[in-house]
Amino acid sequence: MSTDYDSRRVRSSEIFPPHVIAEIQRAANEGIYEIRGLGARRRVPSFDDLVFLGASMSRYPLEGYREDCGTDVILGSRFASKPIHLKIPVTIAGMSFGALGANAKEALGRGASATGTSTTTGDGGMTEEEREHSNLLVYQLLPSRYGMNPDDLRRADAIEVVVGQGAKPGGGGMLMGQKITSRVAGMRNLPEGIDQRSACRHPDWTGPDDLEIKIEELREITDWEKPVYVKIGAARPYYDTALAVKAKADVVVLDGMQGGTAATQDVFIEHVGIPTLAAVRESVRALQDMGEHRKMQLVVSGGIRSGADVAKALALGADAVSIGVAAMIALNCNRPLFEEDYRALGTEPGSCFHCHTGRCPVGVATQDPALEKRLNAKAAGRRLENYLRVLTLEAQTLARACGKSHVHNLEPEDLAALTIEAAAMAGVPLAGTNWIPGE
């Protein structure tokens with residue numbers, strides 16, 4: 001019998017490729033599900049599957065050096081007496097103190113403030129570093145109620161009621177014990193050094209009627225000044241958006257399955273929720289059916305990386321986008337520094353998803369004082385500022401190419417899809433045709 005290499009025999013299975021075999025064996029050895037950070041790694045239809053139809057004969061483009069293209073957006077104009085006015089349509093998503101260190105939270109505030117946009121507290125309460133350096137700060141109210149108090153609600157510029165998150169619709173947040181320092185434990189009223197798992201649903205309500213009462217309570221606490229957002233994970237976006245409208249929220253934040261997290265089960269990240277591309281159209285359709293599109297603002301998050309992603313989300317009907325993982329990367333996440341520490345985690349720069357361990361080599365997702373010192377808040381804030389400016393310039397460039405004087409004038413007619421799946425999900429024609437699958 002020949003022992004020479006035979007490609008017919010040395011071939012992995014489609015159902016049981018090496019990474020699946022490795023996970024089965026890990027589960028068999030450890031008896032617990034895998035926990036990790038960041039977002040989905042699988043390939044799903046995304047904004048990359050859409051292209052813009054730039055102006056030519058039928059439309060005239062704008063000259064970038066001489067003709068303005070606006071980027072400002074107002075969030076919360078539906079009921080709040082003091083809506084938020086942003087200079088750019090890109091906001092910073094909620095990432096908690098606990099998941100991130102104090103330096104990272106300060107850097108997010110610095111970068112957002114320098115570009116005229118908002119940042120968000122995340123689970124775990126408001127830190128002074130974040131409030132001091134964020135000109136516009138959105139306070140998240142989650143099922144855990146960590147750090148929640150009326151004074152901080154009043155100190156915030158808006159309130160975001162988190163019903164769901166794109167990385168884990170139907171699940172609660174997780175924070176490993178190694179990241180629960182005395183300061184984190186004190187803010188969350190938790191024992192120090194013990195793993196924490198948040199509740200998956202709010203204790204104050206069981207449905208949209210109760211949510212409406214809670215939103216009114218939040219408005220009364222803040223004298224009807226602060227916009228109230230409702231954040232939903234992309235699972236049933238049409239109905240969840242419609243119920244947020246009914247509950248009298250000011251803004252819907254829609255988080256697709258590509259959205260990141262500091263820590264949750266891998267099975268959640270990869271197998272729950274729908275792609276951001278598919279979710280946007282459904283949420284916009286709900287707003288249109290209820291006569292609230294552009295009256296109630298829609299903020300889209302989950303895998304936003306470039307100005308092209310920003311522009312495509314706006315063209316599909318969003319009012320703004322929110323970034324989390326991309327903002328972390330701008331700070332220094334996955335940067336090739338301290339590579340020996342990446343190797344100690346069993347990974348390398350560009351492939352690290354070990355936020356949950358608290359051993360972030362570059363000092364972003366950690367509570368370890370020695371690691372935190374590796375992140376200079378001022379320098380990281382400048383990097384985020386640069387990145388946000390690039391996103392805005394790219395979105396303006398694409399809007400001008402389509403003949404638009406404001407990024408909010410982008411529309412589905414400016415887009416074509418490169419795949420049948422993307423055409424069906426986004427509701428735009430397949431490139432080179434007038435065909436929208438399903439219509």
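Placed above this text is the structure.
Residues numbered from 1 in each chain as written. Predicted model: local features only at pLDDT ≥ 70, side-chain atom pairs only at ≥ 80, totals over all residues. Heavy atoms only, no water.

**Observations concerning the layout of surface pockets**
Worth spelling out the cut-off: Put simply, the grid is 1 Å and covers the protein atoms alone, a cavity is a trapped set of points that fit a 1.4 Å probe, a pocket is an open set with protein on both sides within 12 Å along at least five of seven lines, and lining residues have an atom within 4 Å of a point. Grid points are joined across faces, edges and corners, and a volume is the space filled by probe spheres set on the points. Only runs of H or I of at least four residues qualify as helices and only runs of E of at least two qualify as strands under DSSP, and these elements are numbered from the N terminus.
Roughly 490 Å³ of volume is contained in the second largest pocket. Along its surface, the second largest pocket is lined by 20 residues, and Val163, Gly164, Trp205, Ile232 and Asp240 are the ones closest to its centre. Those elements that place two or more of their residues in the lining of the second largest pocket are α6 (208–221), β11 (228–233) and α7 (237–246).

**Quick notes on the side chain of Lys404**
Formally: Exposure classes here rest on a 1.4 Å probe applied to the protein chains alone. A residue is buried below 20% of its type maximum, exposed above 50%, and partly exposed in between. Polar contacts here mean pairs of N or O atoms no more than 3.5 Å apart (in protein, one a potential hydrogen donor and the other a potential acceptor; neighbouring residues in sequence count only if both atoms are side-chain atoms). Pairs of residues are marked as contacts when any of their non-hydrogen atoms sit within 4.5 Å.
Tracing the backbone through its elements, the reader meets Lys404 in the loop between α14 (377–401) and β16 (415–417). The class for Lys404 is buried, based on a relative accessible area of 9%. A distance of 3.0 Å separates the side chain of Lys404 from the side chain of Glu411, its partner in a polar contact. When near neighbours in sequence (up to four residues on either side) are disregarded, Lys404 contacts Arg59, Leu62, Cys69, Ala399, Asn409, Leu410, Glu411 and Asp414.

**Looking at the sheet that holds strand β15 (residues 320–323)**
Convention followed: Strands pair, by our definition, only if DSSP identifies at least two bridges between them. Each axis is a line fitted through C-alpha atoms, taken for helices only over the stretch in contact, and angles between the N-to-C directions span 0 to 180 degrees.
Pairing within the open sheet is parallel, and its eight strands lie in the order β5-β15-β14-β12-β11-β8-β7-β6. Each end of this open sheet is capped by a strand with a single partner; those strands are β5 (90–92) and β6 (119–120). Where β11 and strand β12 (residues 251–255) come together, five bridges link them in parallel fashion. Counted as the bridge partner of Ile232 is Leu254 from β12. Running over the sheet, α7 touches β11 and β12 and is turned about 165 degrees from β11. Lying over the sheet, α14 contacts β5 and β15, oriented at roughly 150 degrees with respect to β5.

**Quick notes on the nonpolar core**
Defined as follows: As used in this record, nonpolar core signifies buried Ala, Val, Leu, Ile, Met, Phe, Trp, Tyr and Cys residues forming a set joined through side-chain atoms within 4.5 Å.
Formed by 87 residues in total, the largest nonpolar core has its most connected members in Leu50, Ile92, Leu316, Ile323, Val364 and Leu384. If you tally residues by element for this core, the top one is α14, at seven residues. Each residue touching Leu50, except ones within four places of it in the same chain, is listed here: Leu277, Lys312, Leu316, Leu415, Ala416, Ala417, Ala422, Ala426 and Val428. Grouped together as the second largest cluster of nonpolar side chains are twelve residues, Val73, Leu86, Val138 and Val251 included.

**A closer look at the packing of aromatic side chains**
Applicable threshold: Within 6.5 Å between ring centres, the rings of Phe, Tyr and Trp (the latter by its six-membered ring) count as paired, and their orientation is classed by plane angle as stacked under 30 degrees, edge-to-face over 60, tilted in between. Placement of a positive charge over a ring is assigned whenever Lys NZ or Arg CZ falls within 6 Å of the ring centre and within 35 degrees of the normal to the ring plane.
According to the stated counting rule, one finds one aromatic pair in the structure shown. Where Tyr238 meets Tyr239, the ring centres are 5.3 Å apart and the plane angle is 80 degrees; that geometry is what we call edge-to-face. Over the ring of Phe353 we find Arg36; its NZ or CZ atom is 5.6 Å from the centre of that ring. The aromatic ring of Phe353 is capped on one face by Arg41, whose charged end is 4.2 Å from the ring centroid.

**Overview of the pairing of β11**
Every regular strand shows the same layout, with side chains that alternate between the two sheet faces. Of all six residues in β11, six are buried, a share of seventy percent or more. Of the two faces of β11, the one carrying Val228, Val230 and Ile232 and the one carrying Tyr229, Lys231 and Gly233 are both buried. Sheet topology note: the strand β8 (residues 158–162)/β11 ladder contains four bridges and is parallel. Residue pairing in the sheet places Glu160 in a bridge with Tyr229 of β11.

**Description of the environment of Thr241**
Tracing the sequence through the fold places Thr241 in helix α7. Exposure remark for Thr241: the relative accessible area of 0% places this residue in the buried category. Spatially, the C-alpha atom of Thr241 lies 9.3 Å from that of Arg285, the residues being 44 residues apart in sequence. When sequence neighbours within four positions are dropped, the list of residues in contact with Thr241 reads Ile232, Val252, Ser283, Ala286 and Leu287.

**Digging into the pattern of salt bridges**
Basically, it comes down to this: Whenever a carboxyl oxygen of Asp or Glu lies within 4 Å of a side-chain nitrogen of Lys or Arg, that contact is scored as a salt bridge.
Tallied over the full model, the rule gives 32 salt bridges. A salt bridge links Arg183 to Glu129; its shortest N-O distance comes to 2.8 Å. Of this pair, Arg183 sits in helix α5 (residues 182–188) while Glu129 sits in helix α3 (residues 128–133); the two residues are 54 residues apart in sequence, bridging distant segments of the chain. You can call Arg183 partly exposed: its relative accessible area is 36%.

**With respect to the environment of Glu160**
Residue position: Glu160 is located in strand β8. Residues Glu160 and Val230, 70 residues apart in the sequence, show an inter-C-alpha distance of 5.6 Å. Ignoring anything within four residues of it in the chain, the contact list for Glu160 reads Thr120, Val138, Tyr139, Gln140, Leu141, Tyr229, Lys231 and Val253. One polar contact links Glu160 to Gln140, side chain to side chain, over a distance of 2.6 Å.

**Structural notes on a nonpolar patch on the surface**
Inclusion rule: A patch consists of residues whose relative accessible area exceeds 30% and which take part in no salt bridge; residues with like charges are grouped when within 9 Å of each other, and nonpolar side chains (Val, Leu, Ile, Met, Phe, Trp, Tyr) when within 5 Å. For accessible areas, the Shrake-Rupley method is used with a probe of radius 1.4 Å. Any residue's cover is judged against the shown protein chains and nothing else.
A surface patch of nonpolar side chains, about 390 Å² in accessible area, is lined by Ile15, Phe16, Ile21 and Ile24. By the secondary structure assignment, Ile15 is in the segment before α1 (18–30). On the accessibility criterion, Ile15 (65% relative accessible area) is exposed.

**What to know about α1**
Under the convention used in this document: Any helix carries an expected span of 1.5 Å times its number of residues minus one.
Over its 13 residues, α1 runs 18 Å from end to end, which matches the ideal 18 Å to within 8%, given 1.5 Å per residue. Positive phi appears at Gly31, one or two residues downstream of α1, with a value of about 70 degrees.

**Details of the environment of Glu339**
With respect to the helices, strands and loops of the structure, Glu339 is situated in helix α12 (residues 339–344). The class of Glu339 is partly exposed, set by a relative accessible area of 36%. For the pair formed by Glu339 and Pro349, sequence separation is ten residues and the distance between their alpha carbons is 7.1 Å.

**Notes on the pairing of β8**
Applicable threshold: The crossover handedness rule: strands pointing away from the viewer, path from first strand over the helix to second strand clockwise, crossover right-handed.
Extensive coverage of β8 is indicated by the burial of five of its five residues. Of the two faces of β8, the one carrying Ala158, Glu160 and Val162 and the one carrying Ile159 and Val161 are both buried. Pairing of strand β7 (residues 137–141) with β8, which is carried by four bridges, proceeds in the parallel orientation. If you follow Gln140 over to β8, its bridge partner there is Glu160. Each parallel crossover has a hand, and for β7 linked through helix α4 (residues 150–155) to β8 it is right-handed.

None of the figures reported here should be taken as evidence of function without further support.
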